[in-house]
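Inside the fold
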Amino acid sequence: MSVKIGFIGAGKMASAMIGGIISSGLYAKDEVAACAPSASTRNEVASKYGIKAYETAAEMAAATDFLVLAVKPYQLQGLFAEDGLAIGSSHLVMSIVAGVKIADLEAYVPDSKIVRVMPNHCCLVGEGAAGYSRGTKATDGDVEKVRSVLSSSGAAEEVRESDLDAVTGLAGSSPAFMYMVIDAMADGGVLCGIPRDKAIRLAAQSMLGAAKMVLETGEHPDKLKDGVCSPGGTTIEGVRVLEDSCVRSAFIAAVEASTLKSREMGRK
Ligand SMILES: NC(=O)c1ccc[n+]([C@@H]2O[C@H](COP(=O)([O-])OP(=O)(O)OC[C@H]3O[C@@H](n4cnc5c(N)ncnc54)[C@H](OP(=O)(O)O)[C@@H]3O)[C@@H](O)[C@H]2O)c1
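Residues numbered from 1 in each chain as written. Predicted model: local features only at pLDDT ≥ 70, side-chain atom pairs only at ≥ 80, totals over all residues. Heavy atoms only, no water.

A separate point is the domain arrangement of the protein chain. Assigned domains of the protein chain: these are domain 1 (5-163) and domain 2 (172-267). The partner domain 2 presents four residues to the six residues of domain 1 that form the contact. Between domain 1 and domain 2, a total of about 380 Å² is buried, with carbon and sulfur atoms accounting for 54% of that surface. Counting across the domain 1 and domain 2 interface gives zero salt bridges. (Domains from an automatic or database assignment. Contact = heavy atoms within 4.5 Å. Buried area = accessible area lost by both parts, 1.4 Å probe. Salt bridge = Lys/Arg side-chain N within 4 Å of Asp/Glu carboxyl O.)

The following block contains the structure:
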């Protein structure tokens with residue numbers, strides 16, 4: 001099969017992943033395809049990336065053994081009821097559909113190999129953070145294929161499926177928390193006299209730099225924090241204010257609240 005990976009759904013998330021796959025060189029343009037019912041979506045993804053676009057999921061599944069399910073949760077039932085759709089034992093199905101469990105996916109396509117993924121929207125800029133869990137039939141080789149796709153637009157960790165709600169709290173929801181931090185830091189900069197646009201850029205770059213320090217040095221974040229707090233200096237003054245304001249416990253509670261909400265939504 002010349003198509004190495006096919007996306008069922010060609011919306012925001014599929015488009016971001018296709019961009020990562022092609023720009024990283026994981027697969028060539030003519031090895032990637034997508035499908036969507038509306039011609040406008042198909043034309044957009046085909047012209048943006050130079051890939052083949054099909055109208056139906058049936059055509060997509062016939063063209064490749066590696067499928068990415070990238071439709072909205074409410075669209076799933078209609079999708080699997082489509083005439084002619086044959087997803088069988090040769091197919092590896094990577095699902096990014098939020099909240100839909102492996103058991104439910106295996107009920108739709110009982111012979112297929114499933115890997116369920118919880119991505120976050122930073123894959124739009126190649127810096128996604130995703131968690132993934134394997135279904136009962138997925139092999140190490142299947143999981144490696146999924147991992148390489150996720151790595152082309154960020155980083156990924158394998159977790160138990162029961163922990164995917166916590167991945168939602170920690171990585172799925174947290175870009176919103178980080179945007180709030182950047183905005184608040186910029187407010188602080190403005191309060192102290194820096195123009196808004198410059199304050200936002202400096203705050204965002206500081207967060208990016210701190211994240212890279214953690215990932216690239218492998219040091220514990222607390223050790224890095226200690227390293228920039230000179231005795232009696234400026235940084236420890238700010239750290240004291242954050243500790244007085246219980247910022248750590250606020251973040252712990254925010255991740256827990258998002259996780260609990262994800263669990264609750266999954267039960268419905
Ligand atoms: N956005 C996020 O930050 C995020 C984060 C984590 C997980 N997710 C999950 O990722 C999935 C996709 O989200 P999204 O934001 O990319 O959604 P989206 O932009 O609405 O894209 C959905 C795509 O599915 C297509 N589609 C609908 N029914 C179809 C069918 N029967 N056959 C083939 N394609 C079909 C739509 O085609 P048309 O354009 O033709 O209607 C559209 O291209 C969702 O399940 C979501 O829960 C999203």
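From this point on, the discussion continues.
Here we take up the site of the ligand. Around the ligand, the surrounding shell holds 24 residues, and the nearest of these are Met13, Ser38, Thr41, Val71 and Glu82. Across the complex, the protein chains shield 81% of the 910 Å² of accessible surface that the ligand would expose by itself. Residues that form the shell around the ligand fall into these classes: 15 nonpolar, six polar and three charged. (Near = heavy atom within 4 Å. Areas by Shrake-Rupley, 256 points an atom, 1.4 Å probe, with all protein chains shown as cover. Nonpolar A, V, L, I, M, F, W, Y, C, P; charged D, E, K, R; others polar.)

Right, let's get into the sheet that holds strand 5 (residues 92-95). With mixed pairing, eight strands are arranged side by side in an open sheet as 3-2-1-4-5-6-7-8. Two strands in the sheet have a free side with no partner beyond their single neighbour: strand 3 (52-54) and strand 8 (154-158). Taking the axes of each pair of neighbouring strands and ignoring which way they run, one obtains an average angle of 25 degrees across the sheet. With four bridges joining them, strand 4 (residues 66-69) and strand 5 adopt parallel strand pairing. Along strand 5, the bridge assignment pairs valine 68 with methionine 94. On top of the sheet, helix 6 (residues 140-151) reaches strand 1 (5-8), strand 4, strand 5, strand 6 (113-118), strand 7 (128-134) and strand 8; it is set at about 150 degrees to strand 8, its chief contact. (Pairing = 2+ DSSP bridges. Helix = DSSP H or I, 4+ residues; strand = E, 2+ residues; numbered from the N terminus. Axes fitted to C-alpha atoms, helices over the stretch in contact; angles between N-to-C directions.)

Throughout the structure, instances matching the rule amount to zero disulfides. You can see cysteine 123 has no disulfide; the closest cysteine sulfur is in cysteine 122, sitting 8.0 Å from it. (Disulfide = S-S within 2.5 Å.)

Taken residue by residue, helix 7 (residues 164-172) has Leu164, Asp165, Val167, Thr168, Gly169 and Ala171 as its buried positions. On its buried face, helix 7 is in contact with strand 6, strand 7, helix 8 (174-191) and helix 12 (247-267). (Buried < 20%, exposed > 50% of the residue type's maximum accessible area, 1.4 Å probe, protein only.)

In this section: the packing of helix 7 against helix 8. Axis angle and axis distance: for two packed helices, these are the angle between their axes and the distance between the axes, and together they describe the pair. The contact between helix 7 and helix 8 brings their axes to 6 Å, and the two run at 25 degrees. Judged by the angle between their axes, helix 7 and helix 8 are roughly parallel. The segment helix 7 lies against helix 8, with Gly169, Leu170, Ala171 and Gly172 engaging Ser174, Pro175 and Phe177. Partitioning the contact of helix 7 with helix 8 into residue classes produces four nonpolar, three polar and no charged. (Parallel < 35°, antiparallel > 145°, perpendicular 65-115°, else oblique.)

Let us now look at the pattern of salt bridges. Scanning all chains against the criterion turns up 13 salt bridges. Between lysine 4 and glutamate 31 there is a salt bridge; the shortest N-O distance is 3.0 Å. Placement of the pair is lysine 4 in the segment before strand 1 and glutamate 31 in the loop between helix 1 (12-24) and strand 2 (32-35), with a sequence separation of 27 residues. Ionic contacts of the salt-bridge type, sharing partners, join the residues Arg134, Asp140 and Glu158 into one network.

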